[in-house]
Amino acid sequence: MKILVVLRMIPDSAGELELTSDGRGIDREWLDFQLNDFDDHALEEAILLKEAAGATVVAVAIGEGSNRVLQMAVARGADEAIALEAEGDGMIDSRAIAGSIVALARSKAADLVLCGVQSTEDLFGQLVPYAGALLSWPHVSGSSRLGADGSALRVTQERGGGIAATYEIALPAVIGVQTASKAPRYVSGSKLREASKTAIGKAPSEPAGFERSAEIVALRLPGQRGTGENLGDNPENVAERLANILAAKGFAGV
Amino acid sequence: MTSETPVLWIVTLAAVALTAWRSRRYIAALAQAPGASRFDQPWRRLEGVAIAIGLHRKMLRKPLSGILHALIFVSFFVLFTVTIEAFGSRLFPGFSLAPIGGDSWIALLQDLFAVLMLAGLGLAVYQRYVLKPARFRGSSGSDAAIIYVLILLIVSSLLVEAGARIVGGADGSWRPVASLIADLLRALSVPARPTERIAYWIHIGAILAFLIYIPGSKHRHMFLAAPNIYFRNLEPVGTAPAVPPERETPGVASLAQFDWKQQLDLLSCTECGRCQAVCPAYASGLPLSPKMLITDMRDALANDASTPLVGGVIAEETLWACTTCRACIEACPVEIEHLPKIIDMRRHLVDEGRVSPMLQDALTNLTRLGNSMGKPSKMRARWTKELGFPVKDARSEPVDVLWFVGDYASYDPRVQDVTRKVAELFTAAGVDFGILFDAERNSGNDVRRAGEEGLFETLAQSNIDAIRACTFNRIVTTDPHSLNALKNDYRHFGGAFEVLHYTALLAELVAAGRLDIAPADGATVTYHDPCYLGRYNGGFDAPRDLIRAAGYTLHDMARCRENSFCCGAGGGRIWQSDDGVKERPSENRIREALGLGVGTFVVACPKDKVMYTAATDALGVASSLRILDVAELINLREAPSA
């Protein structure tokens, strides 16, 4: 089995987000980037599948800091690392990158494409259906467990009310991973240093062939709308004001 | 007498052979162990042995144990002349110590020291069975009891033998004690000759039994304590063990991977439990006793068991419980090095990805951002914004002092005020200083001691590169942990810098009259020695000088200086959960301070500020015991001008 796993770099939400001057994007110049959490789980699931049933794992990363994350993927057990060239340095648009992912899945003869079910820049999880549609492969999103079963794949998907449905899906397929069967493993610094010698391949950006559709016209930072109160950022003042508010509302006897 | 010669030869040789056979596993293990370079500086090594054994320096830190051990130890050497005579006279007929005083002054010494040996033995029995110190918990009780019986047999038999000889007509004028026994034997009308022979063979039998018994007993230390002290670590104690280049992975997964000195440590343990008595992890109820760590590995070495070392012989929770405070090594009379073993086994766990979720988060943050809190690098120097003056960027202009601020002092809101106070004091004293801003990374001190060698190397290299790109004369650190890494660990990565703690720099400035201090009214305070400033780097006096210079009276806690009690944060413990902790080390320490009746608990480490503030809050005593950094004690007559 050959697994292509997609790793997207997203702005670190611990940093201070600022908008670009045209108000249509996030100013990425001073931001730290980190691997999308769901993609981290997709990588872990790919490695777990490799360990359980044998597979070749190709990791493809998009965005600033890709090389670092690809080295981490290799240290964790990926066999090949590819940095996908992105157009511009804006947010990672699933509609735009789906074409490149599909081209790679074909050129690498992948049987399975894994990616995180969503990212902060694709809250509706569109990458999986886009890629599935372009490849004409079946796709399932929101997996919490994958198991290889011959030429088929068993996919467990969490439903509401704690119900878990298990599908059997024929390969090739595209899966949106919500959580891996096990929490992503820790990879030691010495393994990372060893992996830093790995050659990282490059792949060009490929058009998805979709017609131009919606465009962002405005982006807004989270703001105050009268329903909440910003307590400031001085911890001592925050604690005192919070205590006073709780006391005033009758939650605590201060 | 001649008929006894072949018999004695046979039993002696058989006993020696049996002893060698009983030692075979240890000898094989040491012979096959990887090498360790512990052969340099012979005179310094010998000097250490002379102080440790000749003067019983560490032994006497516990007076009763020290004195009783000294009695037994010295008596053993004197009574060894009896053993030489007992074996020599029968193995080599005609051999006698008489020509050099065997019947006069040596006889007198033997008589007196036989009594002193019994006195030492009596004290040992009193200590072990009446006083029952907690440090003996987990030590083998039967081992000690067997030795007491053998010593009693050896000493009493030699006195009875000498007494019987006097009854048989020998001169008793040099043997006052044996003469008393002779009187007793006469009163009992015991036949002289048979009594002498029976006592002789009891003596011989007990000595050979002792010899045979030793390989399986903690009394190996009679032979191994001196070599173990001789081959002790002479490197700076703050340097963590380097990973030998021949090792394929950074850690140690089996006993055979430990070098011969680490294995010799296991065999030298006397089970005295001094390490256990000072261990903060043990005191807090965590499953780590430094003594049992050593004895469990020692027993595994003897049994050749197939149980895996890490996670088997030594549980993972045991390894993660250690704060790397070094109190155990400091307390050990035979210089056993517990920490290198723990660090090497942690390295194995980390390499296999066997880390707790909290530790994984911290290490992942450190990998990604260079700090354990998960804060962006850009926010590292944000504390400077609230200063009334700009702080130089050492990356862009030369400075005299390069200030390595450290994670907690930079990011933790509970410590930032202290950091600003230090900056103000430096400025007031006219120190030309600068910082690395977002180029600084966690020093990696605790990363390394948590077993994450690869990440430590990455952090160290990044800091060394950043530091090298600056022009400066000296480095000062806020955090004792950073101090230790920069001073002791970075040497192995090409970073040899002059590094000092901010308390040392402040003490220097005070001594030079560069700080115009308005002294306080002499109120009494206590001071906590941080492990990595004190025990690791000898920084005991500068903080105390500062406390006095600030106008306070210092009342030290009983556990101070080398004997300081860890706050519980070190070695990566601050990134672990408190699961299984019955009493946090920090709370144990605060209770100790409360007993002194002082109102202020002075610290000199950002982590201590965090740990002890949390501890006084948890104990509900924050209003009666203030946690202040030593810098916060110093009030200047005039506020620094911008």
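Residue indices follow the written sequence of each chain, beginning from 1 at its first position. Lettering of chains starts at A and numbering of ligands starts at 1, both following the order in which they are written. With pLDDT at 70 or above as the cut-off, local features in this predicted model cover only qualifying residues; side-chain atom pairs require 80 or more to be listed or tallied, and sums for whole chains, interfaces and linings still use all residues. Values shown for side chains rest on all heavy atoms present in the structure; no hydrogens or waters enter the calculation.

Engineer: How should I be thinking about the overall build of chain A in this particular structure?
Structural biologist: Numbering of helices and strands runs from the N terminus, with a helix taken as a DSSP run of H or I at least four residues long and a strand as a DSSP run of E at least two residues long. When its secondary structure is counted, chain A shows six helices and ten strands. A principal-axis box enclosing the C-alpha atoms of chain A has dimensions of 65 × 40 × 40 Å. When checking whether two residues touch, look at their non-hydrogen atoms; a contact exists if any pair is within 4.5 Å. A separation threshold of at least 6 residues defines the contact pool for chain A, and within that pool the share at least 24 residues apart is 72%. Calculation of accessible area relied on Shrake-Rupley with a 1.4 Å probe; when residues are assessed, cover is drawn exclusively from the protein chains displayed. About 13400 Å² of surface is accessible on chain A, with carbon and sulfur atoms providing 50% of the total.

Engineer: Got a minute to help me understand the interface of chain A and chain B in this structure?
Structural biologist: Many authors give the size of an interface as the accessible area that is lost as the parts come together. Contacts between chain A and chain B engage 20 residues on the former and 24 residues on the latter. Buried area is calculated as the accessible area (1.4 Å probe) missing from two parts once they are joined, with the contributions of both summed. When the two sides are added together, the surface that chain A and chain B hide from each other amounts to roughly 1600 Å², 48% of it contributed by carbon and sulfur. Among the residues chain A hides against chain B, the three largest losses belong to A:Asp32, A:Tyr186 and A:Arg193. Together they make up 39% of the total. Here, a salt bridge means any side-chain nitrogen of Lys or Arg that lies within 4 Å of a carboxyl oxygen of Asp or Glu. Across the pair B:Arg368 and A:Asp12 runs a salt bridge, and its minimum N-O distance is 3.5 Å. A 3.5 Å cut-off defines polar contacts: any pair of N or O atoms within that distance qualifies, except that in protein one atom must be a possible hydrogen donor and the other a possible acceptor, and neighbouring residues in sequence count only when both atoms are side-chain atoms. Inspection of the region where chain A meets chain B yields nine residue pairs in polar contact (both at pLDDT 80 or more). Among the elements that line the side of chain A that touches chain B, the one with the most residues is helix 5 (residues 189-195) of chain A, at five residues. Under this grouping Gly is polar, as are all residues other than the nonpolar Ala, Val, Leu, Ile, Met, Phe, Trp, Tyr, Cys and Pro and the charged Asp, Glu, Lys and Arg. Looking at the side of chain A that touches chain B residue by residue, the classes come out as eight nonpolar, five polar and seven charged.

Engineer: How should I be thinking about the pattern of salt bridges in this particular structure?
Structural biologist: Side-chain pairs of opposite charge can arise where the charged atoms are in close proximity. All names here are of chain B. Under the counting rule described, the total for this entry stands at 61 salt bridges over all chains. In this structure, Glu-592 and Arg-559 form a salt bridge, with 2.9 Å as the shortest nitrogen-oxygen distance. With Glu-592 in helix 25 (residues 585-594) and Arg-559 in the loop between strand 7 (553-554) and helix 25, this residue pair connects regions lying 33 residues apart in the sequence. As a salt-bridge pair, Arg-591 and Glu-583 come within 2.3 Å of each other at their nearest N and O atoms. The class for Glu-583 is partly exposed, based on a relative accessible area of 22%. Where salt bridges share partners, they join Arg-247, Asp-344, Arg-347, Arg-448, Arg-449, Glu-453 and Asp-489 into one cluster. Classification of residues uses two cut-offs on accessible area relative to the type maximum, computed with a 1.4 Å probe and protein chains only: under 20% is buried, over 50% is exposed, and between them is partly exposed.

Engineer: Would you explain the domain arrangement of chain A in this entry?
Structural biologist: The source of the domain bounds is an automatic or database domain assignment. Taken domain by domain, chain A comprises domain 1 (2-203) and domain 2 (229-254). Its C-alpha centre places domain 1 of chain A at a distance of 41 Å from the equivalent point of domain 2 of chain A.

Engineer: I would appreciate a short explanation of the side chain of B:Thr503 in the present structure.
Structural biologist: By secondary structure assignment, the location of B:Thr503 is in helix 23 (residues 502-511). Sequence-distant contacts of B:Thr503, that is, excluding residues within four places in its chain, are made with B:Leu533, B:Ala542, B:Pro543, B:Leu546, B:Ala604 and B:Val630.

Engineer: Sorry, what's going on with the environment of B:Asp521 here?
Structural biologist: All names here are of chain B. By the secondary structure assignment, Asp-521 is in the loop between helix 23 and strand 6 (524-527). Exposure remark for Asp-521: the relative accessible area of 73% places this residue in the exposed category. For the pair formed by Asp-521 and Gly-88, sequence separation is 433 residues and the distance between their alpha carbons is 73 Å. A polar contact of 3.2 Å, which involves the side chain of Asp-521, links it to the backbone nitrogen of Ala-523.

Engineer: How should the domain arrangement of chain B be read in this particular structure?
Structural biologist: Residues and elements named next belong to chain B. Domain parsing of chain B yields domain 1 (4-229), domain 2 (241-351), domain 3 (371-510) and domain 4 (513-633). Taken over C-alpha atoms, the centre of domain 2 sits 29 Å from the centre of domain 4. Listed by partner, the interface residues are 18 residues for domain 2 and 20 residues for domain 4. In total, domain 2 and domain 4 occlude about 1400 Å² of area from one another, counting both sides; carbon and sulfur atoms represent 57% of this. Considering only the side of domain 2, the residues that lose the most area to domain 4 are Ser-284, Leu-286 and Thr-323, jointly responsible for 30% of the buried surface there. Inspection of the domain 2/domain 4 interface yields zero salt bridges. Put simply, domain 2 and domain 4 have nine residue pairs in polar contact (both at pLDDT 80 or more) between them. Counting only elements with at least two residues in the side of domain 2 that touches domain 4, the list comes to helix 12 (280-283), helix 14 (316-321), helix 15 (327-331) and helix 16 (338-351). When the residues that make up the side of domain 2 that touches domain 4 are grouped by side-chain class, the tally is eleven nonpolar, four polar and three charged.

Engineer: Mind showing me how you'd approach the sheet that holds strand 8 (residues 600-603) of chain B here?
Structural biologist: Working definition: the strands of a sheet are paired by backbone hydrogen bonds and lie parallel or antiparallel to each other. Residue and element names in this part refer to chain B. Pairing between strands requires that DSSP locate at least two bridges from one strand to the other. If you trace the four strands from one edge of the open sheet to the other, you get 7-6-8-9, paired in parallel fashion. This sheet does not close on itself; its edge strands, each paired only once, are strand 7 and strand 9 (626-629). Where strand 8 lies against strand 9, four bridges are found, and the strand directions are parallel. Residue Thr-600 lies in a different strand from strand 9, and its bridge partner there is Arg-626. The strands touched by helix 26 (residues 606-619) are strand 8 and strand 9; relative to strand 9, the strand with the most contacts, the crossing angle is about 175°. Axis angles are defined between N-to-C directions and span 0 to 180 degrees, where every axis is a line fitted to C-alpha atoms and, for a helix, only to the segment in contact.

Engineer: Help me understand the pairing of strand 4 (residues 474-477) of chain B in this model?
Structural biologist: In regular strands, side chains alternate between the two faces of the sheet. Residues and elements named next belong to chain B. Neither face of strand 4 is exposed, since Arg-474 and Val-476 on one face and Ile-475 and Thr-477 on the opposite face are all buried. Two strands pair when backbone bridges link them, and strand 2 (residues 401-404) and strand 4 are joined in this way by four bridges, in the parallel orientation. Its bridge partner lying in strand 4, Leu-402 is registered against Ile-475. Examined bridge by bridge, strand 4 and strand 5 (residues 499-501) share three bridges and lie parallel to one another. Bridge pairing links Ile-475 to Val-499 in strand 5. By the criterion used throughout, a crossover qualifies as right-handed when its path from the first strand across the helix to the second strand runs clockwise, the strands pointing away from the viewer. Each parallel crossover has a hand, and for strand 4 linked through helix 22 (residues 480-489) to strand 5 it is right-handed.

Engineer: Quick question: what am I supposed to make of the pairing of strand 6 of chain B here?
Structural biologist: Residues and elements named next belong to chain B. Bridge count between strand 6 and strand 7: two bridges; the pairing is parallel. What sits directly across from Thr-524, in strand 7, is Thr-553. Handedness of the crossover joining strand 6 and strand 7 through helix 24 (residues 541-549): right-handed.

Engineer: Looking at this structure, I do not really get the side chain of B:Asn371. What am I missing?
Structural biologist: Checked against the element boundaries, B:Asn371 lands in the loop between helix 17 (357-369) and strand 1 (392-393). A distance of 2.5 Å separates a polar side-chain atom of B:Asn371 from the backbone oxygen of B:Lys375.

Engineer: I would appreciate a short explanation of helix 8 (residues 192-213) of chain B in the present structure.
Structural biologist: Residues and elements named next belong to chain B. Expected helix span is computed as 1.5 Å times (number of residues minus one). Between the first and last C-alpha of helix 8 there are 31 Å, a value that for 22 residues agrees with the 32 Å anticipated at 1.5 Å per step. Turning to helix 8, its buried residues number three or more, namely Ala-192, Thr-195, Glu-196, Ala-199, Tyr-200, His-203, Ile-204, Ala-206, Ile-207, Leu-208, Phe-210 and Tyr-213. Buried residues along helix 8 sit against helix 1 (4-22), helix 4 (63-91), helix 6 (141-167) and helix 9 (221-230).

Engineer: In this structure, what is going on with the packing of aromatic side chains? I would like to understand it.
Structural biologist: The description of an aromatic ring pair rests on the distance of the ring centres and on the angle between the ring planes. Residue and element names in this part refer to chain B. Ring pairs are drawn from Phe, Tyr and Trp, using the six-membered ring of Trp, whenever the two centres fall within 6.5 Å, and their geometry is named by plane angle: stacked under 30 degrees, edge-to-face over 60, tilted for the rest. Here the structure, examined in full by the defined rule, presents 20 aromatic pairs over all chains. Pairing Phe-39 with Phe-231 gives two aromatic rings, centres 5.3 Å apart and planes at 70°, and the pair type is edge-to-face. Of this pair, Phe-39 sits in the loop between helix 2 (24-32) and helix 3 (42-54) while Phe-231 sits in the loop between helix 9 and helix 10 (260-268), placing them 192 residues apart in sequence. For Phe-231, a relative accessible area of 16% corresponds to the buried category. For the ring pair Trp-383 and Trp-403, a centre distance of 5.4 Å and an interplane angle of 65° mean the geometry is edge-to-face.

Engineer: I tried to follow helix 22 of chain B on my own but got confused; where do I start?
Structural biologist: For the α-helix, the turn length of 3.6 residues means that residues three or four positions removed from each other point alike. Of all ten residues in helix 22 of chain B, nine are buried; the element is thus mostly enclosed. Buried positions along helix 22 of chain B lie against strand 2, helix 20 (445-449), helix 21 (453-468), strand 4, strand 5 and helix 26 of chain B.

Engineer: Explanation requested: the nonpolar core in the structure shown.
Structural biologist: One broad rule of soluble globular proteins: the nonpolar side chains tend to lie buried together. Buried Ala, Val, Leu, Ile, Met, Phe, Trp, Tyr and Cys residues form a nonpolar core when they are joined through side-chain atoms within 4.5 Å. Formed by 147 residues in total, the largest nonpolar core has its most connected members in B:Trp403 and B:Phe426. Tallying contributions element by element places helix 21 of chain B first for this core, with seven residues. Aside from chain neighbours lying at most four places away, what touches B:Phe426 is B:Trp403, B:Val431, B:Phe433, B:Val476, B:Tyr502, B:Leu505, B:Leu506 and B:Leu509. If you look at the next biggest cluster of nonpolar residues, it comprises 38 residues, including A:Ile3, A:Val5, A:Leu43 and A:Ala81.

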